[in-house]
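These are the residues of each chain, in order.
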Amino acid sequence: MTPQDNLAAVLYGIEDLRLERRPTPIPQDHQVLLKIATVGICGSDVHFLVNGRIGSYVLEKPMIIGHEASGTVLEVGKNVTNLKPGDRVAIEPGVGCRTCSFCKKGKYHLCSDMIFCASPPYDGNLCRYYVHDADFCFKLPDNVSLEEGTLIEPLAVGVHACKRAKVRFGDVVLILGAGPIGLVTLLAAKAMGATKTIITDLVGGRLDKAKELGVDYTLKIEKNMTEVEIVSKIEELLQEAPDVSLECTGVEQCVRVALEATKTGGVVTLVGLGKFELTLPLENAILREVDIRGVFRYNNDYPAAIEMVKTGKVDLKPLITYHFRIEDSGKAFHMAKTGEGNPIKILIHPNPDDYY
Ligand code: NAD
Ligand code: ZN
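These numbers come from a predicted model, not from an experiment. (Residues numbered from 1 in each chain as written. Chains lettered and ligands numbered in written order. Predicted model: local features only at pLDDT ≥ 70, side-chain atom pairs only at ≥ 80, totals over all residues. Heavy atoms only, no water.)

1. Digging into the overall build of the protein
Next, step 1: Along the protein, the regular secondary structure elements total 11 helices and 20 strands.
Next, step 2: For the protein, the proportion of its 356 residues judged to be buried stands at 53%.
Next, step 3: Restricting to contacts in the protein with at least 6 residues of sequence separation, those with at least 24 account for 70%.
Next, step 4: Total accessible area on the protein is roughly 15900 Å²; 53% of this is exposed by carbon and sulfur atoms.
Next, step 5: Positive and negative charge centroids in the protein, built from 40 and 46 side chains respectively, lie 3 Å apart. (Helix = DSSP H or I, 4+ residues; strand = E, 2+ residues; numbered from the N terminus. Buried < 20%, exposed > 50% of the residue type's maximum accessible area, 1.4 Å probe, protein only. Contact = heavy atoms within 4.5 Å. Areas by Shrake-Rupley, 256 points an atom, 1.4 Å probe, with all protein chains shown as cover. Lys, Arg positive; Asp, Glu negative; His and termini not counted. Charge placed at Lys NZ, Arg CZ, Asp CG, Glu CD.)

2. Observations concerning the domain arrangement of the protein
Next, step 1: According to the domain assignment, the protein consists of domain 1 (6-151 + 316-354) and domain 2 (157-294).
Next, step 2: Relative to domain 2, the C-alpha centre of domain 1 lies at a distance of 29 Å.
Next, step 3: Domain 1 puts eight residues into the contact, and the matching count from domain 2 is nine residues.
Next, step 4: For the pair domain 1 and domain 2, the summed buried surface comes to about 700 Å²; carbon and sulfur atoms form 73% of the total.
Next, step 5: When residues of domain 1 are sorted by the area they lose upon contact with domain 2, P318, L319 and I344 head the list and together hold 65% of the total.
Next, step 6: Scanning the region where domain 1 abuts domain 2 turns up zero salt bridges. (Domains from an automatic or database assignment. Buried area = accessible area lost by both parts, 1.4 Å probe. Salt bridge = Lys/Arg side-chain N within 4 Å of Asp/Glu carboxyl O.)

3. As for the side chain of E247
Next, step 1: Along the chain, E247 falls in strand β16 (residues 244-247).
Next, step 2: Buried charged residue E247 carries no salt bridge. Nearest counter-charge: R256, at 12 Å.
Next, step 3: There is a polar contact of 2.4 Å between the side chain of E247 and the side chain of T249. (Polar contact = N/O pair within 3.5 Å; in protein donor to acceptor, adjacent residues only side chain to side chain.)

4. Digging into the packing of helix α4 (residues 152-164) against helix α10 (residues 302-310)
Next, step 1: Direction vectors running N to C along α4 and α10 enclose 110°, while the axes themselves pass 9 Å from each other. With respect to their mutual orientation, α4 and α10 come out roughly perpendicular. In this structure, α4 contributes I152, E153, L155, A156 and V159 to the contact, and α10 contributes Y302, A304, A305, I306, M308 and V309.
Next, step 2: Looking at side-chain class alone, the contact of α4 with α10 contains 10 nonpolar, no polar and one charged residues. (Axes fitted to C-alpha atoms, helices over the stretch in contact; angles between N-to-C directions. Parallel < 35°, antiparallel > 145°, perpendicular 65-115°, else oblique. Nonpolar A, V, L, I, M, F, W, Y, C, P; charged D, E, K, R; others polar.)

5. Let's talk about the packing of helix α5 (residues 180-191) against helix α6 (residues 204-212)
Next, step 1: Running from N to C, α5 and α6 cross one another at 20°; their axes reach a closest spacing of 10 Å. Overall, the two elements α5 and α6 adopt an arrangement that is roughly parallel. Judged by the twist between their axes, the crossing of α5 over α6 is right-handed. Residues P180, L183 and L186 of α5 form the contact with α6, whose own contacting residues are R206, K209 and A210.
Next, step 2: Class assignment of the residues belonging to the contact of α5 with α6 gives a composition of four nonpolar, no polar and two charged. (Left-handed = near helix turned anticlockwise from the far one by under 90°.)

6. Focus: the pattern of salt bridges
Next, step 1: According to the stated counting rule, one finds 27 salt bridges in the structure shown.
Next, step 2: Linking D29 and K78 is a salt bridge whose minimum nitrogen-to-oxygen distance equals 3.2 Å. Taken together, the positions of D29 in the loop between β2 (16-22) and β3 (31-40) and K78 in the loop between β7 (68-76) and β8 (88-91) put the pair 49 residues apart, joining distant regions of the chain.
Next, step 3: Under the relative-accessibility criterion, D29 is labelled partly exposed at 35%.
Next, step 4: Measuring nitrogen to oxygen at the nearest pair gives 3.1 Å for the salt bridge that ties D291 to R293.
Next, step 5: Using a relative accessible area of 34% as the deciding quantity, one classes D291 as partly exposed.
Next, step 6: Judged by relative accessible area, R293 falls into the buried class, the value being 19%.
Next, step 7: Overlapping salt bridges, with partners in common, bring together D5, R21, R128 and E327 in one network.

Written as structure tokens, this is what we have:
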């Protein structure tokens, strides 16, 4: 029996988030119908709420918001063999076209025709019932909760960033920015073998969270610090230069510091999204062969991210700081926007029986 009451959080325009009932979608043959458990708020969701756009992605018609989600399978299409009703899954929100050269080579995250949740014009999954392609739903092991399943999405970004940087056992790793993405990148780097880690941020509370997650050193950046001071403090704390730097702020100063601080022959990966036109000290990339690598979401990284949580190599639970019902989505987004209460990850529960 298909459930009927599909309450959804729909973004109509700038600062115009409304609750409305949408028809419950019907899965196609290769899809599953999911009862959504929890949905995390990401900076990009807030960006759409505040600005109505991210770059060339412009909100032109009402869109269900949300893309970090987990849920329980209610129905499966007739061609689905990997899942059955009752399975709990993490949802990978972007599905490529499956036919372009990127999709065919397995680099589906670079597909220009990707359908991605809550990336206009496509609806997201902050709603009670949602359909998704079954092969982009990953079954959660019994010891991984649905709430942790929601955080597989950001963790997959961290895993992808560390794979792009080729983090391996024994590496000294610098992470710039201790927001949710910097923190999951820290967790992924440690799980992938980083033996000495340092993280920077402007906000003490975020560095405290990084300490709770096991970072070795923290550096609080003060507004008046010069880049030379920041680089020398990093080296002083580590007693050496980092092999890998993972930039998770999008701030020009941090990209510059990453390039200056990284060991000769090392790697800088750029995860943070800020201004795309920057002035950078490229002599580090040229004369010291510090490689610069971009990171775009994830690509076949969900299985590894789930395995990290299943085996206890990564604990995502300390990142979850607040819970809201879908009816209080406005309050949840207000908190995410203002940072009041120092949230790291805010989870919204669309179904009343999943909220306690
Ligand atoms: P966030 O805004 O919560 O975290 C950024 C952190 O950087 C904050 O804690 C902030 O205090 C800190 N910061 C700002 N200026 C700093 C400075 N000068 N020095 C040190 N720290 C500084 O954002 P988030 O959700 O953690 O995401 C981080 C970035 O990653 C964002 O730019 C986001 O758009 C981007 N992102 C990229 C991808 C991708 O696929 N490339 C995916 C997800 C998010
Ligand atoms: Zn494609």
